[in-house]
Structure formats: C-alpha cells, structure tokens
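Read off the chains here:
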Amino acid sequence: MSGVIERYRSFFDINAQFPIVTLNEGNTPLIQAPAIASKTNVPGLQVFLKFEGLNPTGSFKDRGMTYAVSQAKAQGATHIICASTGNTSASAAAYGARAQLKTLIILPEGKVALGKLSQAILYGADIVEITGNFDQALDVVRILGKAQGVAIVNSINPFRIEGQKTGAFEVCDQLGGKAPDYHFIPVGNAGNITAYWLGYKAYHAAGRIQSLPKMFGYEAEGSAAIVKGHKIENPETLATAIRIGNPASWQGAEAARDESGGKIDCVTDDEIVAAYQFLASKEGIFCEPASAASVAGLFKACSQNLVAQNSVVTCVLTGNGLKDPDNAIRFGKSEKITLPPDPQQIATHLGLTL
Ligand code: F0G
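Residues numbered from 1 in each chain as written. Predicted model: local features only at pLDDT ≥ 70, side-chain atom pairs only at ≥ 80, totals over all residues. Heavy atoms only, no water.

Caption draft 1: Highlighting the overall build of the chain. Within the chain, the secondary structure is distributed over 15 helices and ten strands. The C-alpha radius of gyration of the chain comes to 20 Å, within 12% of the 20 Å expected for a compact globule of 354 residues. Dimensions of the chain along its principal axes, counting C-alpha atoms only, are 70 × 50 × 45 Å. Across the 354 residues of the chain, 57% fall into the buried class. Looking at the chain alone, contacts between residues at least 24 apart form 71% of all its contacts between residues at least 6 apart. If you average the places of the 30 positive and of the 31 negative side-chain charges in the chain, the two averages end up 4 Å apart. (Helix = DSSP H or I, 4+ residues; strand = E, 2+ residues; numbered from the N terminus. Rg over C-alpha atoms; globule rule 2.2 N^0.38 Å. Buried < 20%, exposed > 50% of the residue type's maximum accessible area, 1.4 Å probe, protein only. Contact = heavy atoms within 4.5 Å. Lys, Arg positive; Asp, Glu negative; His and termini not counted. Charge placed at Lys NZ, Arg CZ, Asp CG, Glu CD.)

Caption draft 2: Molecular detail of the site of the ligand. Lining the immediate environment of the ligand, one finds 19 residues, of which Ser 84, Thr 88, Asn 189, Ala 190 and Thr 318 sit closest. Side-chain polar atom of Lys 61 to a nitrogen atom of the ligand: 2.9 Å apart, as the coordinates give it. A distance of 2.6 Å separates a nitrogen atom of the ligand from a polar atom in the side chain of Thr 318. Taken by itself the ligand offers 470 Å² of open surface, and the protein chains cover 98% of this. (Near = heavy atom within 4 Å. Polar contact = N/O pair within 3.5 Å; in protein donor to acceptor, adjacent residues only side chain to side chain. Areas by Shrake-Rupley, 256 points an atom, 1.4 Å probe, with all protein chains shown as cover.)

Caption draft 3: Main features of unusual backbone geometry. If you check the backbone angles, Asn 41 has positive phi at about 65° while not being a glycine. Inspection of the secondary structure assignment puts Asn 41 in the loop between α2 (34-40) and β2 (46-51). A positive phi angle, near 75°, is found at Ala 190, a position not held by glycine. Assignment of secondary structure puts Ala 190 in the loop between β7 (182-186) and α9 (191-205).

Caption draft 4: Looking closely at the environment of Leu 30. Looking at the element boundaries, Leu 30 is found in strand β1 (residues 30-32). Through-space distance from the C-alpha of Leu 30 to that of Ile 264 is 23 Å; in sequence the pair is 234 residues apart. Those residues in contact with Leu 30 that sit more than four places away from it in its chain are Phe 48, Leu 49, Lys 50, Val 171, Gln 174, Leu 175 and Thr 314.

Caption draft 5: Here's a closer look at a nonpolar patch on the surface. Taken together, Ile 346, Leu 350 and Leu 352 make up a surface patch of nonpolar side chains, about 280 Å² in accessible area. By the element assignment, Ile 346 lies in helix α15 (residues 343-350). (Patch = residues over 30% accessible without salt bridge, like charges linked within 9 Å, V, L, I, M, F, W, Y side chains within 5 Å. Salt bridge = Lys/Arg side-chain N within 4 Å of Asp/Glu carboxyl O.)

Caption draft 6: How the structure looks around the packing of aromatic side chains. Counted under the stated rule, the structure contains twelve aromatic pairs. Both rings, one in Phe 12 and one in Tyr 67, keep their centres 4.7 Å apart while their planes meet at 75°; by these two values the pair is edge-to-face. Taken together, the residues Phe 12 in the loop between α1 (4-7) and β1 and Tyr 67 in helix α3 (residues 61-74) connect sequence positions 55 residues apart. Pairing Tyr 182 with Phe 216 gives two aromatic rings, centres 5.8 Å apart and planes at 70°, and the pair type is edge-to-face. On the criterion of sequence distance, the pair formed by Tyr 182 in strand β7 and Phe 216 in strand β8 (residues 214-220) is long-range, its members being 34 residues apart. An aromatic cluster of three or more residues is present, and its members are Tyr 8, Phe 11, Phe 169 and Tyr 203. (Phe/Tyr/Trp six-rings, centres within 6.5 Å; stacked < 30°, edge-to-face > 60°.)

Caption draft 7: The nonpolar core, seen in detail. With 40 residues, the main nonpolar core has Ile 36, Val 47, Leu 49 and Phe 184 as its most contacted residues. Elements with a minimum of two residues in this core: α2, β2, β7, β8, α12 (269-283), α13 (289-303) and β10 (312-317). When residues in this core are grouped by element, the largest group, nine residues, is from α13. Excluding residues within four positions of it along the chain, Val 47 makes contact with Ile 31, Gln 32, Ala 33, Ile 36, Ala 37, Leu 298, Val 313 and Cys 315. Val 4, Phe 169, Ile 185 and Val 316 belong to the second largest nonpolar core, which has 35 residues in total. (Core = buried A, V, L, I, M, F, W, Y, C linked by side-chain atoms within 4.5 Å.)

Caption draft 8: Expanded view of the pattern of salt bridges. With the rule as written, the count across this model stands at twelve salt bridges. Between Glu 52 and Arg 63 there is a salt bridge, and its shortest N-O distance comes to 2.5 Å. Placement of Glu 52 in the loop between β2 and α3 and of Arg 63 in helix α3 is noted, with a sequence separation of eleven residues between them. For the residue pair Glu 52 and Arg 63, the accessibility class agrees, reading buried in each case. Glu 162 is the salt-bridge partner of Lys 165, the closest N and O atoms lying 3.2 Å from each other. Given a relative accessible area of 27%, Glu 162 falls into the partly exposed group. Because the salt bridges share partners, they merge into one network encompassing Arg 7, Lys 50, Glu 52, Arg 63 and Glu 170.

Caption draft 9: α15, seen in detail. At the N-terminal end of α15, a side-chain oxygen is found 3.0 Å from the backbone nitrogen of Gln 344, two or three residues along, and the residue is Asp 342. Among the residues trailing α15, Gly 351 stands out with phi positive, at a value near 75°.

Caption draft 10: Region of the structure containing the environment of Asn 327. Within the secondary structure layout, Asn 327 lies in helix α14 (residues 325-331). According to the relative accessible area criterion, Asn 327 is buried, its value standing at 9%. C-alpha separation for the pair Asn 327 and Ile 143, spaced 184 residues apart in sequence, amounts to 33 Å. Of note is the side chain of Asn 327, whose polar atom sits 2.8 Å from the side chain of Asp 324.

Caption draft 11: The arrangement of the sheet that holds β8 in detail. In spatial order, the strands read β1-β2-β10-β7-β8-β9; together these six strands make up an open sheet with mixed pairing. Of all strands in the sheet, those with a lone pairing partner are β1 and β9 (263-267), marking the two edges. Across the sheet, the axes of successive neighbouring strands diverge by a mean angle of 25°, strand direction being ignored. Relative to β10, β2 is paired through six bridges, and the arrangement is parallel. Pairing of Gln 46 across the sheet is with Val 312, part of β10. Relative to the sheet, helix α11 (residues 250-260) contacts β8 and β9, its axis offset from that of β8 by approximately 140°. (Pairing = 2+ DSSP bridges. Axes fitted to C-alpha atoms, helices over the stretch in contact; angles between N-to-C directions.)

Here is the structure:
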C-alpha cells in the first residue's frame, strides 16, 4: 500500500506528474477498546482508537509531512524548517532526508521527549534548541522561513492540514463508510483537530459518509489557551507534545467545535497519566502521554453526561509510547528486580510453585 496522497489522490489538488515524497504513511489501525468503553459506564458505547503511533516516524505528523515536503521539493526549496515539541521535527527530518532537503529544527530546550530527539538526530537534521518554549520557537520559524529556499513545514503550512485530513477519511473507511458520532482528539497547536474536521466535511461533501461527528478536543490544563480564551505565556504539562500556549490553528479548532456542536475542554496531567496507564495496562496500547488526552477527555465527557448511549466514538492516539520512554518508566507500575539466574529463587520471587 502506498502512502496517503496516492491512496486519496482525488482529494488532493495535484496532477499525475506530481512527485510524491512518501514513506507509506497512513493506513494505521482502528482498534476497538472494550475496556475503555466499559469504564465510561455509558450503555452500548463503542470506542475505537485510531493508533497513529504506527506511522513511519511514530506519529500522525507523517500524513501532513508527506504533502508539505512533496510540495516544498516540487517548488524548488532547498531547506525545510519547523518549530516543534518533538514529533513534527522527527517527521520533518525523516521526509527531509527522503527528499534530500536540508532540515532545520527549532526546539524548546529540555522539553522534547527522548525518542523524538533521537529520531531528529539520526535522520540528520540541523537542530537548534532555544531558551524558550514552542510558541517562541514558532515565532522564530515564521521569520527564518522568509530566507531564500526555505519552506516552513509547521501546520501553518496549509499542505500539512491537507495531508492530515486523510486521518478522517481512514476512520470513515474503517467504520465501513460511516463517520463516528463523536471524535475525541488532543489539542496542542490545533492543526490536527482542524484537519480532521475539514476531512470529515470533505468526505461528507463527496457523499462518502452521511453524517458528521461532534468534535471534542482536549488541551492540557496548564496549556489550555482555547479553553481559557487567552494566550498562556508559560504553558506547562508533562504531556510535552501539547505544551503550547498560543495555538496557531486556534480559529480552526473553534470552527470544528462550533460547526460540529462539540466541545474544546482540558484535562489535568493526573487525568492524562491515568488514561495513559489505563490504555497500556487494560488495552495493551502504548501511546505517548499527549495522545492519552483524547481518552482522558472521553472519560471526562462521559462523566459529564455529554456522550449519548449506543454511540460510536473514535479517539485519536496521536503518537507512539516509545517516543517518551522517560514517562513510561516514571508512570509504569511494573516491579523490576535483579536476581541471579537461579530458577528457584526467581520462582519464589514471582510467586510460582515449581
Ligand atoms: N499529540 C501529539 C503526540 C503531538 O505531537 C501533537 C503536536 C499533538 C497531539 C497536538 O496536535 O498540534 O495538531 O493540535 N505536536 C506538535 C509537534 C506541536 O511539534 O510535534 P496539534
């Protein structure tokens, strides 16, 4: 299976000669989550997880990056540049390498999960950490992007949003040509909620689905600019992927909420961690903390009676748990002990009878 542009070619404004830079992104599984459904206590609820952590660089960013980098290459750029909390930079570095463009990355110092940083380093990007946060990094990128030959590949680049619409197309295809009733999604810079909503609307307009979901987006409480109605100067959350105080697609997120009859709300770090642990230990799914905000949001919305009985819900799990081994080790509940290679001693420790 080729990547998302080829697969949904009729939804992209390109001709047959358009050169596509792809790593066969997309086609990620939609996994049913019975333990989550049962924990919500909403009768007849069906919950599906769109596991975007199985994209080539481990996050949903690849859907938009294939198109943004293809366009940059086609238009003769020599460099791509982005600000990032980690995943965008990993994806940009991979597609940049694939296209043989120089990739420039501006990161908030000390706030990028280890797996993401290691990806950007091995893919060979030029990395600058700033003594500031993501919002400041994006401000820098908006200016550096004016330099000769440089294309910005943050989601302020509309090609990123175009590519990310394919997530919504896949969800509908995987549900057998239907939209879910509710779509839960983490919100950081707000590009993805914007893209999913545009994707659902495009599929609806094309007659591929007969209804539209209500869009429920979740910021982290310490970075909840949209919920609070103002920029957050010093955003904080352990879900560093969504540690953003001035979302670039703020208006797109509000449009998704208002047009769909949905909600933008926030979840605390404790709620995020609880969902992160639940996903791993009760569903066997390892996502990164920011991704678990969608499931934390589902639990919250159900406790507020905002989700109707017998409905179909999708939660996007935006990134792979391997991105952030530090938080996995910090919040994992397994016990680990070192023993000699003595079966009897190990059996005793594990409570087994030999
Ligand atoms: N989940 C993960 C794992 C992310 O990396 C991001 C954004 C989001 C959710 C939020 O998506 O920004 O479209 O609302 N990460 C960006 C980055 C900011 O630089 O990797 P959004």
